[in-house]
Amino acid sequence: MQRARVIRAGRTAVGALAVACLLASTAAPLPAVAAADPNKSLEQIRRDLAESSQEMVAAATALRRAESELPDARRAAATARHQLTVAQRREEAAAVRRGTAQTRLMLATLDAEQTAALVATQRARIGRLARAAYVRGGAMGDVSMLLEARSPAEFAERLVSLQTVVSSQRSALAELQNVQSDAGREAGSLEHIRDEVAAAHQQAEAELRAVADVTLRAQQAEESVRSLVSQQRSALAAARAARAGDEARLAGLHAESSRLSVLLAQRARALLGAAGGIPGGSTPVQPGLFARPVSGPVTSPFGMRVHPITGVTKLHTGTDFGAACGTPIHAARAGTVLAAEFNTAYGWRTVITHGVVGGVMLTTTYNHQQFLGVDAGQQVQAGQVIGNVGTTGYSTGCHLHFELIVNSDVVDPVPWISGG
């Protein structure tokens, strides 16, 4: 026969567990990182702390949010730093290219200026030769000079002189052509280099703007990390401040659970004798014995859970059903109202005893109600409305905390509920 996975919550087991939790939470410092599953949603954190203080819930939520966002923020900051390094190297290379192009432009301009000076010099020389030829009378003057020679020797001398002048004119013209040709090539090269300088300047300016953009992103990424670290520290500080209140709440829940456990243990022995002392966790599950007490999903199951900040393990003694405040609560099985009252820990609470079923005494509790719809001693039928969902007592949101007690021990109620 199927057996429930249960944890005894009577005078011995739950008492020892709660005391151990209190001692552990008092003695141990708060860990820097929460002990809870990192994949657990923020909403689940709030549900797990449904019976904690609002301050502790806020601290745990802020801590989990910061911890969940920090890895991405740190990766983004590292990526931004790498991109900034790459951008700075590109900007430096572009600056070098611009400097090199500007140096080439300066040298090419100097060469062009020198070539232009040579052109001017050659043109002045040709001008002087042309003026000298004009004074001599041009070509006819040269012929006359030869014919005016008085002797063959003088003729030969004047001929050599004339040939020298003509050669000098031809040389000057050839040199002028060469220098002008060089000047033309240098002008084209100079224009090309000017284009290179302009392109290098534009690239350098673009890389500089890219560095500015990446620098801003890197600063924002680093600021995000610093902000999240600050939020993490603030959340831990808030948790330490709220710790005393949560320990008091845990003690209150333990005290109320122990009080009811003692009362039920006495009733179980009165009804069952020695069998009434059998731990509820050792008894077989009776599936389908109870109906679902309220419409709504299970938001926090029965069992041990780890506090997301203190790391303390404690027993969640029932199953939480998520439902809006005011939602009707139904008796899970016919029985007698043992108690319908308010207490600090569980708020408005109804306790229904269902008598002995299958050799064990069964009791259910309905906690944190908005208001009660039955009185102590009243007989109720299965499915009868006994109250409404609320958030009274140690509660941070609308829900029903439903407990099943077998003899005097709390057990997981879900396997006993029809349809689970």
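Residues numbered from 1 in each chain as written. Predicted model: local features only at pLDDT ≥ 70, side-chain atom pairs only at ≥ 80, totals over all residues. Heavy atoms only, no water.

A. How the structure looks around the nonpolar core. The biggest cluster of nonpolar side chains holds 26 residues, and the ones touching the most others in it are F290, L362, Y366, I386, L400 and W416. Contributing elements (two or more residues each) for this core: strand 7 (347–357), strand 8 (360–372), strand 10 (385–389) and strand 11 (399–406). Element by element, the count of residues in this core is highest for strand 11, at 4 residues. The residues contacting F290, other than those within four sequence positions of it, are A332, R333, H354, L362, T364, L404, W416, I417 and S418. Of all hydrophobic cores here, the second largest spans 14 residues; its members include V211, V214, L228 and V229. (Core = buried A, V, L, I, M, F, W, Y, C linked by side-chain atoms within 4.5 Å. Buried < 20%, exposed > 50% of the residue type's maximum accessible area, 1.4 Å probe, protein only. Helix = DSSP H or I, 4+ residues; strand = E, 2+ residues; numbered from the N terminus. Contact = heavy atoms within 4.5 Å.)

B. Representation of the environment of T336 in the model. Counting through the fold element by element, T336 comes out in strand 6 (residues 335–343). Measuring from C-alpha to C-alpha, the distance between T336 and D375 comes to 9.7 Å, with 39 residues separating the pair along the chain. The residues contacting T336, other than those within four sequence positions of it, are V351, I352, T353, G377, Q378 and Q379. In terms of polar contacts, T336 uses its side chain to reach the side chain of Q379, at 2.7 Å. (Polar contact = N/O pair within 3.5 Å; in protein donor to acceptor, adjacent residues only side chain to side chain.)

C. Structural view of the pattern of salt bridges. One pass over the full model with this rule turns up 8 salt bridges. D72 is paired through a salt bridge with R75; the nearest N and O atoms lie 2.2 Å apart. Of this pair, D72 and R75 both sit in helix 3 (residues 54–136), 3 residues apart, roughly one helical turn. Accessibility expressed as a relative area gives 47% for D72, which makes it partly exposed. As a salt-bridge pair, R349 and E403 come within 3.2 Å of each other at their nearest N and O atoms. Taken together, the positions of R349 in strand 7 and E403 in strand 11 put the pair 54 residues apart, joining distant regions of the chain. Pair check on accessibility: R349 and E403 agree, each one buried. (Salt bridge = Lys/Arg side-chain N within 4 Å of Asp/Glu carboxyl O.)

Shape descriptors only; they carry no functional weight alone.
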